[in-house]
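Summary of the model geometry
Single-letter residue listing:
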Amino acid sequence: MKIAVQAGDFDAGSEIRKISKNSKIGAVASFVGLVRDVEMTLEHYPGMTERAIGKIVEEAKARWQVMDCTVIHRYGALKPNDQIVLVAVASGHRGDAFAACEFIMDYLKTQAPFWKKEQTLEGVRWVEAKDSDDEAAGRWTVPRR
Amino acid sequence: MQLKVKVLYFASVREKLGRDAEEIELPADVSTIAGLRSHLRARGGAWDDTLAESRLLRTALNQDMAQPGAAIKAGDEVAFFPPVTGG
């Protein structure tokens, strides 16, 4: 399991290969989040961020077969098309890998202490949290298995 | 014996308050996050305005998300911030 909160970029292909080396693993599902069309700065709460992501990964491991997992989230100044976040989950089969990957991403959106500040033509503004993110995380509160 | 709590502010809350962290003496009548929030609001001005809006405020206690009723004691770390927007 690897959890990293870093300013620098990451290589998703290399990270996926690192968690694919066990012959019991039959599936790796991954998600990469990107900056859309505005420059932004990502602030976070050092210490709590790593702790919150760790708890989300532990919860995913309790629900699905997660044989290995990597979560990398960047902070600091980011520009359009930059990578923000990687979640990659290795499992025996695709069902668990897909579900755990989506669960980790949905929970990260509402539980990990990151804040985006966008630099638009009109000026800088803090991005407001979306109700749809709470709803996405809420889907998982009913036990799935 | 430690008598203070560490209080942290992030993102828009930090900017509105003009402060990112402080250590404050825990008043005898403050035992929850909600109590600490009321205590800070009593400073008036931006403190009262920024910490008034419950919908836009989240709190953490010792680096875990926490509800307003969570009990706090000397030595704890409490953080106030807006709803998170990572990912």
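Residues numbered from 1 in each chain as written. Chains lettered and ligands numbered in written order. Predicted model: local features only at pLDDT ≥ 70, side-chain atom pairs only at ≥ 80, totals over all residues.

1. Side note on the sheet that holds strand 4 (residues 68-74) of chain A
Residues and elements named next belong to chain A. The criterion, for reference: Should DSSP find at least two bridges between two strands, the strands are taken to pair. Here a helix means four or more residues in a row that DSSP labels H or I, a strand means two or more in a row labelled E, and each is numbered from the N terminus. To get an axis, fit a line to the C-alpha atoms, keeping to the stretch in contact for a helix; angles then go from 0 to 180 degrees between the N-to-C directions. Whether two residues are in contact depends on their C-beta atoms, placed from the backbone: they are in contact if these lie within 7 Å.
Read from one edge of the open sheet, four strands run 1-4-6-2, paired in mixed fashion. Since the sheet does not close on itself, it has two edges, and those belong to strand 1 (2-6) and strand 2 (27-34), each with one partner. Within this sheet the neighbouring strands show an average axis-to-axis angle of 5 degrees, counted without direction. Contacting strand 1 and strand 4, helix 2 (residues 48-63) crosses the sheet at an angle of about 150 degrees to strand 1.

2. As for the sheet that holds strand 5 (residues 77-81) of chain B
Residues and elements named next belong to chain B. Reading across from one edge, 2-1-5-3-4 is the order of the five strands in this open sheet, with mixed pairing throughout. Edge strands, defined here as strands with exactly one partner in the open sheet, are strand 2 (21-25) and strand 4 (64-66). For this sheet, the mean angle separating the axes of adjacent strands, direction not counted, is 30 degrees. As judged from the four bridges shared by strand 3 (residues 58-61) and strand 5, these two strands associate in the antiparallel manner. Paired with arginine 58 across the bridge in strand 5 is phenylalanine 81.

3. As for the packing of helix 2 of chain A against helix 3 (residues 94-111) of chain A
All names here are of chain A. For clarity, the cut-off: Roughly parallel here means an angle under 35 degrees, roughly antiparallel means over 145, roughly perpendicular means 65 to 115, and every remaining angle is called oblique. Crossing handedness is defined as follows: a turn of the near helix away from the far one that is anticlockwise and smaller than a right angle gives a left-handed crossing, while the clockwise case is right-handed. Note on residue classes: Ala, Val, Leu, Ile, Met, Phe, Trp, Tyr, Cys and Pro are nonpolar, Asp, Glu, Lys and Arg are charged, and everything else, Gly too, is polar.
Between helix 2 and helix 3, the shortest axis-to-axis distance is 10 Å and the interhelical angle comes to 150 degrees. Considered as vectors, helix 2 and helix 3 are oriented roughly antiparallel to each other. Helix 2 and helix 3 meet at a crossing whose hand is right-handed. Between helix 2 and helix 3, the contacting residues are Ala52, Ile53, Ile56, Val57 and Ala60 on the first element and Ala100, Phe103, Ile104, Tyr107, Leu108 and Gln111 on the second. Among the residues forming the contact of helix 2 with helix 3, the class breakdown is 10 nonpolar, one polar and no charged.

4. Focus: unusual backbone geometry
To be explicit about the condition: With C-beta atoms placed from the backbone, a residue is labelled by how many other C-beta atoms lie within 10 Å of its own: buried for 20 or more, exposed for 12 or fewer, partly exposed between the two.
Residue A:Asn81 is not a glycine yet carries a positive backbone phi of 80 degrees. The phi torsion at B:Asn62 lies on the positive side, around 50 degrees, for a residue other than glycine. Within the secondary structure layout, B:Asn62 lies in the loop between strand 3 and strand 4. Note on B:Asn62: 16 C-beta atoms within 10 Å, which makes it partly exposed.

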